[in-house]
Amino acid sequence: MVNQGPDVSDLDDLPEQMRIRREKLDRLRAEGVDPYPVGFARTTTLNQLREDFPDLEPDASTGIEVGIVGRVILRRDGGKLCFATLRDGSGDLQVMLPIDTVGEDRLKAWKTDVDIGDHVGIIGEVVCSRRGELSVKASSWVITSKCLRPLPEKFKGLTDPEARVRQRYVDLIVRPEAREMLQMRATAVASVRNSLTTRGFVEVETPMLQAIHGGANARPFTTHINAYDMELFLRIAPELYLKRLLVGGIEKVFEINRNFRNEGADSSHNPEFTMLEMYQAYGDYNSMRELTQQVIHEAALAVHGDLLVRHRDDDGQVTEYDISGDWPVIPINRGISAALGEELTADTEADQLRTWCDSADITLDPGWGRGQIVLEMYEHLLESRTTAPTFYTDFPTEVSPLTRQHREDPRLAERWDLVAFGSEVGTAYSELIDPVEQRARLTAQSLLATGGDVEAMALDEDFLRALEFAMPPAGGQGMGIDRLLMMLTGRSIRETVLFPLVRPE
RNA sequence: GCGCCGUUAGCUCAAUUGGCAGAGCAGCUGGCUCUUAACCAGCGGGUUCGGGGUUCGAGUCCCUGACGGCGCACCA
C-alpha cells in the first residue's frame, strides 16, 4: 500500500516533515509573503539557457539578466553562498545565490523558507561557476509555489512500481525515464498520425458508447443511459463503425482512440488501451502489411533517430534490436509445423491437433473447434517465442469472423498478426465485404454467444445493412499504441500508459 | 482464479538463532563565498500493512485478511 500520509486536517498528526512545511507556510503568510502568487516574469527556460550559452568559460560573466523558474530539486547551502539545482519543463540548471547580490536577509530567508520541492522564480545574471557549471547568479528570488510534502530520496527516487503509477506526478518530478517515456509516446503517436495523414488517410472519431459491442472478441464494460433507460457498452473496438465509413465512400480512414475490455490487468494489459485502426479501400492484408511496417519504421525513427529499438531494463542496461528492413512473413501453419516438427496443413484433423497439443503441453478446452486449437498452438508455439518483429499470416477462417477467406484456400483467412518481443502488436485483414457471408459468420458467433460464449460478437443489424449497400474491397489494420510503445521501448504497459488502472486506495 | 515473493521512518533499504528497531537521503540546529548525489558537527523522527495466535520475549515463527510485484491461465 502506498503511504498517502495521514489526514491533513489534523496538523499534530502529520509526519514531522509535513508539519514543519505547514508551519513554514503559515509563517510566510503571517509575514505577508504569498506562497502561491499569480505568476512570475520568466524570460527564458533552463534548456534554452543551455542552448544559448553552450560553452561559457569557467568563472565567466555575461552581464545578461534573465528570469527563470523551476522546482528546487537539490540544494547545497554555504555560509555566504548557496547553490541549488532547479528543474523546469525543459531541463535542469544550477542557480547560485551569493550574499553580495541577494543580500544578507534574503540569503538567510532562502535557507529557512525554501524547501526541496518548492517552485521558485529567480532573477539573475547568466554566469559560469569556477568549476565550469552554467548557472544563474541570483539578484533576487521568490517562492512561486510552496511544496508541502517531501520529495522521494534524491538518488534512487521512487522505486515502488505501484507508487510510481499512483503518484505519477511524483514519478515525473524525480525520474527522468518517466518524462522520457511521456515524450516518446507523444512522439510516436504524432509520427503515426503524420505517417497516415501524409498518405491521404483521414482521422475520424467513432462512438465509444455502443448499443451493440462488436469488432473483436472481448468482454465489454456495460453502462446505462438514463435518457433511454437502456444498457450501453463501452466499445471493445471501432471496427464496425470505420467500415460503415468505407461504405459511405471514405476510402482511407483511421482512428486513434481508447478501447475498453473488461478483462485482466497485467504487465501487458490495461482495461482501457489506445488503439489505432485504419482502413484502405482497395487495399488488402498485403498492402496493410507494407503500410504497417512503414508506419512503425517511421515511428521508431521519430523516437530513436534510427531503426534500432532500445530496451532498457531496470538496471539501466540497454539492449538494441535492429528492426530495419522487411520483417519475416510466416504462414502460421508453416510456422507451427516447424516448431512442432510435424506437418500441419489446413487438412489436418482436430483430433490430430489435440494429440500434438498434448505432447507439446498445451492445455485445450474440450469445447474448442479446430480453428481455436490452431490459434492456441500459434500463441504457445509462435507468438510467445517471437522476438524480432514477424508477420504471422493465414489464420483459420472460423476464428476470424470479419476476415475474407484466403484467395487460394477458403479454410484460411487473409489475416496477419504482427508479433514482437513475445506479444501481439497489431493485426490486419483483407476485410470480409460479402454481406451474405458476413451475416452467416456473425450469426454463428451469436449462436456461440447464446451458448454461453460471453466474448462472442453480437449481431449488429445496422452494420449488416451497411454492408448490403456494398463496401468496397478493403484492407484493415488494428494496432495497439501502448503495445507499439512497449515494442519501441521494452517497458511494461504500466509505464507506457501514464495513469494505468489501479485499485482505489 | 492459482503459485512464488514482498509490505519496516517522508523516500531508499538493513536488522544474525526469536533478544534494546538501525543506516543513507530528506528534516531540524550550528559551521562554511564555487558547491554540484556538496561537506563537517550535533539532534529529532517508527501503529515494523491490518487482525488473531505461540512465547518470558515477535519486524522475525504460526493462522488469517488487505494491497502490490513476478510467473501461469485469459486477452490486444
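Residues numbered from 1 in each chain as written. Chains lettered and ligands numbered in written order. Predicted model: local features only at pLDDT ≥ 70, side-chain atom pairs only at ≥ 80, totals over all residues. Heavy atoms only, no water.

1. Here we look at the sheet that holds strand 8 (residues 222–225)
Where strands meet in a sheet, backbone hydrogen bonds hold them as pairs that are either parallel or antiparallel. Spatially, 3 strands are ordered 7-9-8 in an open sheet, and the strand pairing comes out antiparallel. Of all strands in the sheet, those with a lone pairing partner are strand 7 (209–210) and strand 8, marking the two edges. (Pairing = 2+ DSSP bridges. Helix = DSSP H or I, 4+ residues; strand = E, 2+ residues; numbered from the N terminus.)

2. Brief notes about the nonpolar core
With 34 residues, the main nonpolar core has Val192, Leu196, Leu276, Met278, Ile296 and Leu488 as its most contacted residues. Those elements giving two or more residues to this core turn out to be helix 7 (176–198), strand 10 (252–260), strand 11 (272–281), helix 9 (285–304), strand 16 (412–420), strand 17 (423–430) and helix 15 (481–489). Setting aside chain neighbours within four positions, we find leucine 276 in contact with Val192, Leu196, Phe254, Glu255, Ile256, Gln477, Gly478, Met479 and Ile481. Formed by 26 residues, the second largest nonpolar core is a distinct cluster that contains Val95, Leu134, Val136 and Ala138. (Core = buried A, V, L, I, M, F, W, Y, C linked by side-chain atoms within 4.5 Å. Buried < 20%, exposed > 50% of the residue type's maximum accessible area, 1.4 Å probe, protein only. Contact = heavy atoms within 4.5 Å.)

3. Quick look at the packing of helix 7 against helix 9
Helix 9 packs onto helix 7 with a crossing angle of 140° between their chain directions and a minimal axis gap of 8 Å. One way to sum up the angle between helix 7 and helix 9 is to call them oblique. Here helix 7 and helix 9 pass one another in a crossing that is right-handed. Side by side, helix 7 and helix 9 meet where Met184, Thr187, Ala188, Ser191, Val192, Ser195 and Leu196 of the first sit next to Leu291, Val295, Glu298, Ala299, Ala302, Val303 and His304 of the second. (Axes fitted to C-alpha atoms, helices over the stretch in contact; angles between N-to-C directions. Parallel < 35°, antiparallel > 145°, perpendicular 65-115°, else oblique. Left-handed = near helix turned anticlockwise from the far one by under 90°.)

4. Concerning the packing of aromatic side chains
Each aromatic ring pair is specified by the distance between its two centres and by the angle formed by the two planes. For the structure shown, the criterion picks out 6 aromatic pairs. The structure contains a cluster of three or more aromatic residues connected by ring pairs, namely Trp327, Phe391 and Trp416. For arginine 106, the ring lying beneath its charged end belongs to tryptophan 141, and the centroid distance is 3.9 Å. Positioned above the aromatic ring of phenylalanine 395, the side-chain terminus of arginine 415 is 4.0 Å from the ring centre. (Phe/Tyr/Trp six-rings, centres within 6.5 Å; stacked < 30°, edge-to-face > 60°. Lys NZ or Arg CZ within 6 Å of the ring centre and 35° of its normal.)

5. Overview of the sheet that holds strand 17
Strands sit in the order 6-10-11-18-17-16-15-14 across an open sheet of 8 strands; the sheet is mixed. Lying at the two open borders of the sheet, with one neighbouring strand each, are strand 6 (202–203) and strand 14 (329–331). Here 6 bridges tie strand 16 to strand 17, and the two strands are oriented antiparallel to one another. From the neighbouring strand, leucine 418 faces strand 17, where its bridge partner is glycine 426. Along the sheet face, helix 15 touches strand 10, strand 11, strand 16, strand 17 and strand 18 (474–480) and points at about 65° away from the line of strand 18.

6. Details of the environment of leucine 344
Along the chain, the position of leucine 344 falls in the loop between helix 10 (332–340) and helix 11 (350–359). As a C-alpha pair, leucine 344 and asparagine 226 span 118 residues in sequence and 53 Å in three-dimensional space. Once residues within four sequence positions are removed from consideration, leucine 344 is found in contact with Asn333, Ile336, Ser337, Leu353, Trp356, Arg370 and Met377.

7. Section: the protein's contact with RNA strand B
What surrounds RNA strand B is a group of 52 residues, the closest being Glu16, Asp100, Arg131, Lys154 and His269. In RNA strand B, the atoms that sit within 4 Å of the protein are 55% sugar and phosphate, with bases accounting for the remainder. Threonine 159 places a side-chain nitrogen or oxygen 3.2 Å from a sugar or linking oxygen of RNA strand B. Separating a phosphate oxygen of RNA strand B from a side-chain N or O atom of arginine 494 is a distance of 3.1 Å. Ranked by the residues each element gives to the surface near RNA strand B, the list is headed by helix 1 (residues 16–30), at 4 residues. (Near = heavy atom within 4 Å. Polar contact = N/O pair within 3.5 Å; in protein donor to acceptor, adjacent residues only side chain to side chain.)

8. Observations regarding helix 11
Within helix 11, the full set of buried residues consists of Ala350, Leu353, Trp356 and Cys357. End-on view of helix 11: buried residues confined to an arc of 115°, all on one side of the axis. Away from the buried face of helix 11 by more than 90 degrees, exposed residues Asp351, Asp358 and Ser359 are located. In this fold, the buried residues of helix 11 make contact with helix 10 and helix 12 (370–381). Count one or two residues on from helix 11 and you reach aspartate 361, which has phi positive near 65°. (Arc of directions from axis to C-beta.)

Purely geometric stuff here, so don't read any function into it on its own.
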